Each structure stands twice: as C-alpha cells, then as structure tokens.
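# A structural walkthrough
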Amino acid sequence: MSRPARARIDLAAIRHNYLHAKSCAPSARAWAVVKADAYGHGAVAVARALAPVADGFAVAFLEEALELRESGIEGPILLLEGVFAPDELAAVDRAGLDMVVHAEHQLEWIAAARPERPFGCWLKVDSGMHRVGFAPPEVAAALARLRACPQVGRLRAISHLARADEPGEPYSARQLAAFDDAVAGVVPASLANSAAVLDLPTAHRDWVRPGIMLYGVSPFDTAHPNAAALRPAMTLESALIAIRTLPAGEPVGYGGRFVCRRPSRIGVVAIGYADGYPRHAPDGVAVMVRGQRAPLAGRVSMDMITVDLTDLPEAVVGDRVELWGARIDAGALARASDTIAYQLFTNLKRVRVEHQR
Ligand SMILES: *Cc1c(COP(=O)(O)O)cnc(C)c1O
C-alpha cells in the first residue's frame, strides 16, 4: 500500500468543457490552452483526449510543444511566447508550430531564418496588458515587415485581456478598441481567454484561447450563467490516516491556531503544502468526507492537514477525503487561501495523477 494522495483527472469533463467553450464562441476556432502540463492535468493525456475535437493547442514555449508532437499530436500548436532564442526556429519549422511574435528581436530572428516552410506568425499587440507585445503605434509597421518576409506564411494578430474576469469592467472594451485601431481589421485575430469566451462575445473573433475553463473552474469570483455548465476535471483526494479525541480547550497543530471549543474528534488527512494543498487555507474551509463537509482545523503542515470530524461520528481511518473536485470548488478554496485555482493546479507535487477517459 502506498500513500493515498492522488489527483484523478476526468478527461471526459475536459472534452465537455472544451465543447462548451466552442458553443459559447460558435463561429471561432479554439486553441485548447495546455501550457504548464495542462494546468497540472497532464498535457499529453489532455491533448490526446482533446485531439479528435480540438482545433489546436496552445503552450507557453517550445519544449512544451515538442512534448505534444513527440506524443503524436498532429494539429496546430501555438507558442504563446514565441521563441526565446533564434536557434529555436529550426525546431519550430520542423515541428510545424505557430508562434507569437511579441518583440522586435523575434521579428529579426525570423527575417534571418531559412525555414523549409513559411512560419505561421501571430503578432502580439499590447492593447493594455502592458507585459509583452507591440504598442499600437508600432503595429502597422511590424505587420508590414512580417508581410514582406518570405519566411512568414499565415499572419494573424493576438492580444491578451487584463480584466476579462471582471464582467462589465470597461477596461476590456478599451483594450478591444485599442486592438482594433492598431490592426485595423486587416488580419484574423485572437483575444479571448476563458473569461472572455464566457462573458465577452465581442472578443471572440477568429480564434479563442480557453485555459482554466477546460479544467472546469470558473474564471469569475461570483456565479456566472455561462460558467454553470463547466465540469470540474480534477479531484484531489487522500484519506484519513488518524483520528484522535481531544477535550475542549486543546490546541491542534503548529502554533495552536485551532483550539477545540468542545470535546472534539480531529481527523488527520495525508495531504499537505508539499503536495500543493494551499498553506494559507484558513480554519473552516471544507474537505469532503463520507459525502459531508468537514472543516479544516489548524494550520496546514507539509504532509498533513487536520480536520474537525466531531459532527461526523461515522468517519473512520481509511475514509477517502476530497480536497477539491466535484464537491469542493477549487476556485473557492483558492480564494479563501488568497490564491487562484490556476496556482493550486500548477503547484501539485508528489501526488499520483490518474487519468480516466
Ligand atoms: C494562459 C493563457 C490563456 C488562457 O487563459 P485562461 O484564463 O486560463 O483561460 C490565454 N491566452 C494567453 C496568452 C495565455 O497565456
């Protein structure tokens, strides 16, 4: 027997969520964003499960793309940050990847390359995120330069929204206007992350880029009608490995943060911050035991957490515990712990990942 901590990945849920993105943006094609090992869900398994339905896959950098190609993924793959050095362009060419061009130096590397086939390029427009991309006044010249390059085949424009997860926030409209002014509608466009797929049809354009929604988590802090159909794909679970009875007044765990207010049954679950459970989870956030919610009681340790089972007298050592998944919303746990589900998912370590079709 081994430690019971594991993440179960429901690939059918991811397929359902991808098709939900397509139904929200029916006239657009959709990059399934599988960077960072598909947000911790296993990029190869996720891409294989989505391959029959997905228009393409988006990753952050070359090695992530090559992992997909080497595992037999044949459709379009987009490098969201393009190349980091000119010697990557040969591999981009061989693997037939699309790439973002966000800076002058990338443009020069492309202009100096000798690819077998012309590159598919996505000129990144800085419409207001102010991380990477060409500023609106530079866009026309950059597009013209790329168009004049024999190394460049299909040319598209891409941008990223800073506040699409805040429905009604006027900054998104400002970004769309800046983008439209800059590219003047002359090339196909991609702007929408999950939040914009669900809430901002004016951003859908030619290609959308759903990420977090594929994994079944809403990008919004509050309920949204288009997010209700999402199905959580990851269940993080472990088991009760000890239960003790403590009198009222006894503290539990490091720093004695939790103090029993009544005679209490405290359960110990084999999961901790070294596995990716958030160390800043406060007392009271729930785990699921025997179909009931049990509150966290005491600080999260490296390998264990403690939960209050006083109202769950039937719980016994060995019981399965859900930390997040279908019953415990990873987004809500993340918010309570001052982080986001993206970080919970991408911080998973030490737990077995099991995929289910
Ligand atoms: C990660 C990423 C996305 C996906 O964002 P979600 O909020 O997860 O949908 C889309 N576009 C770019 C450029 C990204 O880096």
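Residues numbered from 1 in each chain as written. Predicted model: local features only at pLDDT ≥ 70, side-chain atom pairs only at ≥ 80, totals over all residues. Heavy atoms only, no water.

## Observations regarding helix α4 (residues 62–70)
Operational definition: Only protein chains enter the accessibility calculation, which uses a 1.4 Å probe. A residue is then buried if its area is under 20% of the maximum for its type, exposed if over 50%, and partly exposed in between. Helix numbers and strand numbers start at the N terminus; a helix is a DSSP run of H or I with at least 4 residues, a strand a run of E with at least 2. To be clear, the arc concerns the directions from the helix axis to the C-beta atoms. A contact between two residues is defined here by any heavy atoms of the two lying within 4.5 Å.
Among all positions in α4, only Leu62, Glu64, Ala65 and Leu68 are buried. Projected down its long axis, α4 shows its buried positions confined to an angular sector of 165°, all on one face. Tucked into the core, α4 has its buried residues touching α2 (35–40), α3 (43–50), β3 (56–59), β4 (77–79) and α5 (89–95).

## Remarks on the UniProt feature "active site" (unreviewed entry) in the protein chain
Definition in use: UniProt positions are given in the numbering used here, feature names are shortened, and annotations may be inferred rather than shown by experiment.
Residues given the UniProt feature "active site" (unreviewed entry) here are Lys35 and Tyr254. Spanning 220 residues, the annotated positions stay apart in the fold, the maximum distance between their C-alpha atoms being 35.7 Å. Note on placement: tyrosine 254 falls in the loop between β11 (251–252) and β12 (258–259). Among the residues examined, tyrosine 254 registers a relative accessible area of 56% and is labelled exposed. Apart from the residues lying within four places of it in its own chain, the contact partners of tyrosine 254 are Arg299 and Ser301.

## Notes on the site of the ligand
Let me state the cut-off plainly: Whether a residue is near a molecule or strand is decided by its heavy atoms; if any one of them lies within 4 Å of it, the residue is near. Residues adjacent in sequence count toward polar contacts only when both atoms are side-chain atoms; beyond that, a polar contact is any pair of N or O atoms within 3.5 Å, and within protein one must be able to donate a hydrogen and the other to accept it. Just so you know the grouping, Ala, Val, Leu, Ile, Met, Phe, Trp, Tyr, Cys and Pro go in nonpolar, Asp, Glu, Lys and Arg go in charged, and all remaining residues, Gly too, go in polar.
The environment of the ligand is formed by Val33, Lys35, Tyr39, Leu80, His160, Asn193, Ser194, Arg209, Pro210, Gly211, Ile212 and Tyr342. At 2.6 Å, a side-chain N or O of lysine 35 approaches an oxygen atom of the ligand. Measuring from a nitrogen atom of the ligand, one finds a side-chain N or O atom of arginine 209 at 2.8 Å. Residues belonging to the shell around the ligand are distributed by class as follows: six nonpolar, four polar and two charged.

## A short note on the state of the cysteines
Rule in force here: Throughout, disulfides are identified as pairs of cysteine sulfur atoms within 2.5 Å of each other.
Counted according to the given criterion, the structure contains zero disulfides. You can see cysteine 149 has no disulfide; the closest cysteine sulfur is in cysteine 121, sitting 8.1 Å from it.

## Some remarks on the UniProt feature "modified residue: N6-(pyridoxal phosphate)lysine" (unreviewed entry) in the protein chain
Per the UniProt record, "modified residue: N6-(pyridoxal phosphate)lysine" (unreviewed entry) is annotated on Lys35. Along the polypeptide, lysine 35 turns up in helix α2. Ignoring sequence-local partners within four residues, the contact set of lysine 35 consists of Ala58, Val59, Ala60, Glu64 and Leu80.

## Re the pairing of strand β14 (residues 286–289)
Filter applied, for reference: Note on pairing: two strands pair once DSSP finds at least 2 bridges between them.
Judged by which residues are buried, β14 turns out to be covered on both faces: Ala286 and Met288 on one side and Val287 and Val289 on the other are all buried. The pairing of β14 with strand β15 (residues 292–295) spans four bridges and is classified as antiparallel. Of the residues in β15, the one forming a bridge with methionine 288 is arginine 293. The antiparallel pairing of β14 with β15 creates a hairpin that spans two residues between the two strands, and arginine 290 there sits at a positive phi of about 50°.

## Things to note about the pattern of salt bridges
Counted only if it meets this: Salt bridge, as used here: a side-chain nitrogen of Lys or Arg that lies within 4 Å of a carboxyl oxygen of Asp or Glu.
Within the structure shown, the criterion is met by 20 salt bridges. Ionic pairing is found between arginine 3 and aspartate 275, a salt bridge with its closest N-O pair at 2.9 Å. Placement of the pair is arginine 3 in the segment before β1 (6–10) and aspartate 275 in the loop between β13 (264–269) and β14, with a sequence separation of 272 residues. With a relative accessible area of 32%, arginine 3 lands in the partly exposed category. A relative accessible area of 0% means that aspartate 275 is categorised as buried. Measuring nitrogen to oxygen at the nearest pair gives 2.5 Å for the salt bridge that ties arginine 145 to glutamate 104. Taken together, the positions of arginine 145 in helix α7 (residues 136–148) and glutamate 104 in helix α6 (residues 104–112) put the pair 41 residues apart, joining distant regions of the chain. A residue is classified by how much of its surface remains accessible, and arginine 145, at 36% relative accessible area, is partly exposed. Within the structure, one salt-bridge network assembled from shared partners comprises Arg6, Arg8, Glu237, Arg320, Arg352 and Glu354.

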